[in-house]
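# A closer look at the structure
This is what each chain is made of:
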Amino acid sequence: MNETDQTGLSKFAGNVKGLANTFIGSVFRNGKPTSDKTRASAVFNNFFLHIQGVKTHINTLRPSYTLGLGLITFFLLVIVVASGVFLMVYYNPSVENAYQSVKNINQVVFAGKVSRNVHKWAGEGMIVFLFLHMARVFFTGSYKAGREFNWVVGIVLLVLTFALNLSGYLLPWDQLSYWALVIVANIMQSPKELTDSLGLTKYFDVGTYTGNLFLGGSIPTKESLNRVYLFHVMVLPMVIYVVVGLHFWRIRKDGGMTKPDLFNTKASDMGIMVQPKKSGGIFPTHKTYGLMELARGKTPAVDKDVENTVMSWPNLLIAELAVLMFTLAGTLIYSYYMDAPLKEFANPLIPENPAKAPWYFLGLQELLSYSAFMGGTGLPGLALLGLALIPYLDREQDNVGVWFTSKMGKRIALESMVISIIVIIAMLAFAVNFGWLRNWFPEIPQLVITFVNPGTIWVGFMMLWSLCTIRRTGSTRMGAMALFVMFLVSYLILTYFATDMRGPNWDFYWSKSQWPIH
Amino acid sequence: MKNETQDKEGGVSRRDFLALSAFATAILAGLGIMAGVFRFFKSDAKYEESRSFKIGKPENFPVGTATKLADKKIFVFSDDNGIFAISCVCTHLGCLVYETETGFQCPCHGSKFNMAGKVVGGPAPRGLPWFEITQDIDGSLVVDTAREVPAGTKNRYS
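Predicted model, so just to flag it, every value in this text is computed and none were measured.

Across its full length, chain A holds 23 helices and 3 strands. Judged by the C-alpha coordinates and their principal axes, chain A covers about 105 × 65 × 50 Å. Of all 518 residues assigned to chain A, the portion counted as buried reaches 36%. In chain A, the proportion of contacts linking residues at least 24 apart, taken out of those at least 6 apart, comes to 75%.

Have a look at this one:
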């Protein structure tokens with residue numbers, strides 16, 4: 001009766017009154033997450049949350065297991081993108097104005113300096129946390145059991161992160177940018193070192209092509225800056241978004257985060273844990289398999305391991321929010337106190353002495369000082385290939401999700417660490433004290449030095465040692481452990497050595513205070 | 001009954017032949033496009049100075065002098081046997097070398113060269129190139145950094 005009495009206008013007035021509620025209801029289709037069912041649909045029906053499961057294994061939430069490292073890296077990416085957009089407002093990618101516009105950002109623009117600092121440190125932080133995340137994934141054996149390809153995707157992300165950092169410091173057109181452009185172009189040209197010594201350059205001059213590809217000529221000009229800018233703000237970010245999406249998607253599709261087979265809950269877990277129901281529930285134990293599951297053979301979280309889970313809303317989301325807050329706070333505090341460097345305006349006539357790359361490339365720069373081709377192309381390529389192949393060469397599937405796999409794993413990791421520290425320091429000391437082949441045999445062909453230098457010998461030693469470890473322990477996982485530990489240790493030591501102990505003319509000094517004044 | 005498209009000798013059928021041809025054409029077209037893309041990135045216009053330039057009359061380089069033409073990135077030497085030009089761009093990674101008492105030194109990764117530009121230490125894969133010097137009609141010397149001459153090539157000019 002009432003409805004027929006209602007006039008059109010009062011119906012309209014009612015709609016206006018309820019506007020806020022109907023609008024919010026249309027965005028979030030389910031009501032407040034008060035029961036497990038609505039909590040599940042809050043995650044499931046939300047575009048931004050649905051990449052996560054509605055339930056999360058308790059192990060995933062253990063800070064001691066993931067350490068939140070991958071998530072920190074992702075949040076740093078978000079921070080980098082946001083601050084990068086701010087910088088693009090004032091930055092001008094031209095040889096004449098680039099340096100001035102960065103000075104403008106640093107000195108004049110409101111909050112410009114802190115934006116630039118945030119961009120710089122969050123970008124470098126991505127490298128740090130990417131390495132830490134990679135180490136966590138490696139040491140818990142999380143590249144196994146169906147996650148092999150996602151490890152490779154992670155290596156691609158490592159390369160992209162390095163490329164983004166590199167192209168970033170080429171943009172301000174200061175001394176660092178200019179001479180880094182020269183050096184990177186020459187590294188890209190370094191296949192010439194190989195083709196020259198084989199006498200192939202006449203027929204197959206790939207070095208000159210790749211060098212020109214990067215600079216758009218033979219020396220850094222406005223063409224070079226244009227290309228680097230395009231890569232830094234457009235091509236590489238677009239690629240990294242897609243690859244990050246793929247990385248996250250694969251985590252779910254590969255069966256979620258790894259966990260140890262023998263998982264023990266703690267007393268404190270009982271309050272939030274969802275008890276699996278034997279019938280019904282979100283993951284029924286007697287599920288009828290759909291075509292998809294039959295085709296793939298194995299579907300994550302169906303009919304197994306429903307124990308020890310908690311609702312993602314709110315447990316997982318609170319954890320993630322906390323990581324976001326810490327990441328943001330850490331970046332801001334660090335950026336408030338530490339300023340991103342900016343050197344003098346690019347001077348094509350005077351290279352800096354020493355001309356050092358940012359810290360994350362200094363390990364490579366040390367290898368470069370033995371051979372341009374090996375240090376810049378050969379050995380990094382080999383290292384990346386080796387890292388990418390680890391999951392395919394080590395196929396052992398036991399103790400996935402356990403830190404260092406076993407007691408023996410811990411021992412091998414420690415042993416490899418000690419041995420690599422000793423060997424690499426001994427090698428550096430040898431090269432510093434006695435020089436290398438050319439000092440003893442001035443007429444030696446370049447080809448010999450390209451293939452026999454401290455860098456290649458070290459990599460050869462790592463591979464041999466890892467093969468020995470496989471033979472000794474009968475386990476490929478132990479071999480991979482030895483190789484990975486040695487890779488990390490050599491990255492750290494070479495980086496430290498080149499940062500603190502290499503001075504003008506790339507000569508050895510015990511510390512910066514001993515550098516000659518000039 | 002045998003399919004009429006089938007070759008009598010059991011070779012490739014007409015259907016397979018057409019499919020293979022189409023497939024090969026697609027691959028060739030793809031390769032052509034790839035080649036075009038790679039060629040696209042090789043710029044034809046270069047915003048660079050000419051690699052051949054005049055450095056002045058021979059009288060400007062009396063015997064026993066060493067002149068650094070910093071903006072041209074060369075050293076010009078003059079001794080009893082003649083005048084010669086040596087590059088000051090390190091062959092390792094492109095930094096600029098400077099003169100020392102025994103030759104040249106690169107600040108970036110420590111390459112060392114002797115007075116003739118030959119590598120005596122460090123990572124440089126080859127010696128500093130010597131460039132061709134010619135004399136123009138007006139008497140001034142022309143250095144062409146695109147043309148290398150064997151180390152030790154010295155000529156007198158008047």
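Attention shifts here to helix α19 (residues 407-434) of chain A. Residues and elements named next belong to chain A. Its 28 residues give α19 an end-to-end C-alpha distance of 40 Å, which sits within 8% of 40 Å, the value for a rise of 1.5 Å per residue. What α19 keeps buried is the set Gly409, Ile412, Ala413, Ser416, Ser420 and Ile424. Of the surrounding secondary structure, the elements contacted by the buried residues of α19 are α22 (454-473) and α23 (476-500). Of the residues trailing α19, glycine 435 is marked for its positive phi of about 75°.

Attention now moves to the sheet that holds strand β8 (residues 119-121) of chain B. Residues and elements named next belong to chain B. The sheet built from 4 strands is open, its strands ordered β5-β6-β7-β8 with antiparallel pairing. Where the open sheet ends on each side, the last strands, each with one partner, are β5 (98-99) and β8. Where β5 and strand β6 (residues 103-105) come together, 2 bridges link them in antiparallel fashion. Each bridged residue has a counterpart across the sheet, and for glutamate 99 the counterpart in β6 is phenylalanine 104.

Once that is clear, we can look at the domain arrangement of chain B. Looking at chain B, the domain boundaries give domain 1 (1-47) and domain 2 (52-149). Placing a centre on the C-alpha atoms of domain 1 of chain B and another on those of domain 2 of chain B gives a separation of 51 Å.

Glancing now at the interface of chain A and chain B. Each partner contributes to the interface: chain A provides 37 residues, whereas chain B provides 24 residues. The set of elements that each furnish at least two residues to the side of chain A that touches chain B consists of α11 (175-188), α12 (191-198), α13 (206-215), α14 (222-253) and α20 (437-440) of chain A. When residues in the side of chain A that touches chain B are grouped by element, the largest group, 6 residues, is from α11(A). A per-class count over the side of chain A that touches chain B returns 18 nonpolar, 13 polar and 6 charged.

Moving on: α22(A). Residue and element names in this part refer to chain A. Under the 1.5 Å per step criterion, the end-to-end length of α22 is 28 Å for 20 residues, consistent within 8% with the ideal 28 Å. If you check which residues of α22 are buried, you get Pro454, Gly455, Thr456, Trp458, Val459, Met462, Ser466 and Thr469. For α22, the elements touching its buried residues are α17 (359-368), α18 (372-393), α19, α21 (446-451) and α23. Glycine 474 sits one or two residues past α22 and shows a positive phi near 70°.

Residue and element names in this part refer to chain A. Two numbers describe how helix α9 (residues 112-139) lies on helix α16 (residues 312-337): the axes approach to 9 Å, and their chain directions differ by 120°. Considering the angle they form, α9 stands oblique to α16. As for the relative orientation of α9 and α16, their crossing is right-handed in sense. The residues of α16 that touch α9, namely those facing Val114, Asn117, Val118, Trp121, Ala122 and Gly125, are Thr331, Leu332, Tyr334, Ser335 and Tyr336. When grouped by side-chain class, the residues that make up the contact of α9 with α16 number 7 nonpolar, 4 polar and no charged.

Right, let's get into the nonpolar core. Among soluble globular proteins, nonpolar side chains are generally buried collectively. Membership of the largest hydrophobic core comes to 107 residues, with the highest contact counts inside it found for A:Leu76 and B:Ala85. Not counting the four nearest positions on each side in its chain, A:Leu76 is found in contact with A:Ala122, A:Gly125, A:Met126, A:Phe129 and A:Thr327. Judged by nonpolar contacts, the second largest core, of 7 residues, contains A:Ala40, A:Val43, A:Met311 and A:Trp313.

All right, on to unusual backbone geometry then. Cis geometry marks the peptide bond from A:Trp313 to A:Pro314, where omega comes out at 5°. Its place among the elements puts A:Pro314 in helix α16. You will see that A:Leu67, though not glycine, has its phi angle at about 60°, which is positive. Overall, the presence of 16 C-beta atoms within 10 Å leaves A:Leu67 in the partly exposed class. One non-glycine residue, B:Lys73, adopts positive backbone phi at about 60°. As for its position among the elements, B:Lys73 is in the loop between β2 (65-69) and β3 (74-79). Overall, B:Lys73 belongs to the partly exposed group, with 17 C-beta atoms counted inside 10 Å.

Attention now moves to the pairing of strand β10 (residues 141-149) of chain B. For a regular strand, the rule is simple: side chains alternate between the two faces of the sheet. All names here are of chain B. Looking at chain direction, strand β1 (residues 52-56) and β10 are connected through 4 bridges and run antiparallel. Following the sheet pairing, glycine 56 is matched in β10 by leucine 141. The sheet contact formed by strand β9 (residues 130-135) and β10 spans 6 bridges and is antiparallel. When the bridges of β10 are listed, glutamine 135 appears paired with leucine 141.

This part covers the environment of A:Cys468. In this structure, A:Cys468 sits in helix α22. Along the primary structure A:Cys468 and A:Ala482 are separated by 14 residues, whereas in three dimensions their C-alpha atoms are 9.7 Å apart.

The rules behind each value
- Residues numbered from 1 in each chain as written.
- Chains lettered and ligands numbered in written order.
- Predicted model: local features only at pLDDT ≥ 70, side-chain atom pairs only at ≥ 80, totals over all residues.
- Helix = DSSP H or I, 4+ residues; strand = E, 2+ residues; numbered from the N terminus.
- Buried ≥ 20, exposed ≤ 12 C-beta atoms within 10 Å, placed from the backbone.
- Contact = placed C-beta atoms within 7 Å.
- Expected span 1.5 Å × (residues − 1).
- Pairing = 2+ DSSP bridges.
- Domains from an automatic or database assignment.
- Nonpolar A, V, L, I, M, F, W, Y, C, P; charged D, E, K, R; others polar.
- Axes fitted to C-alpha atoms, helices over the stretch in contact; angles between N-to-C directions.
- Parallel < 35°, antiparallel > 145°, perpendicular 65-115°, else oblique.
- Left-handed = near helix turned anticlockwise from the far one by under 90°.
- Core = buried A, V, L, I, M, F, W, Y, C linked by C-beta atoms within 7 Å.

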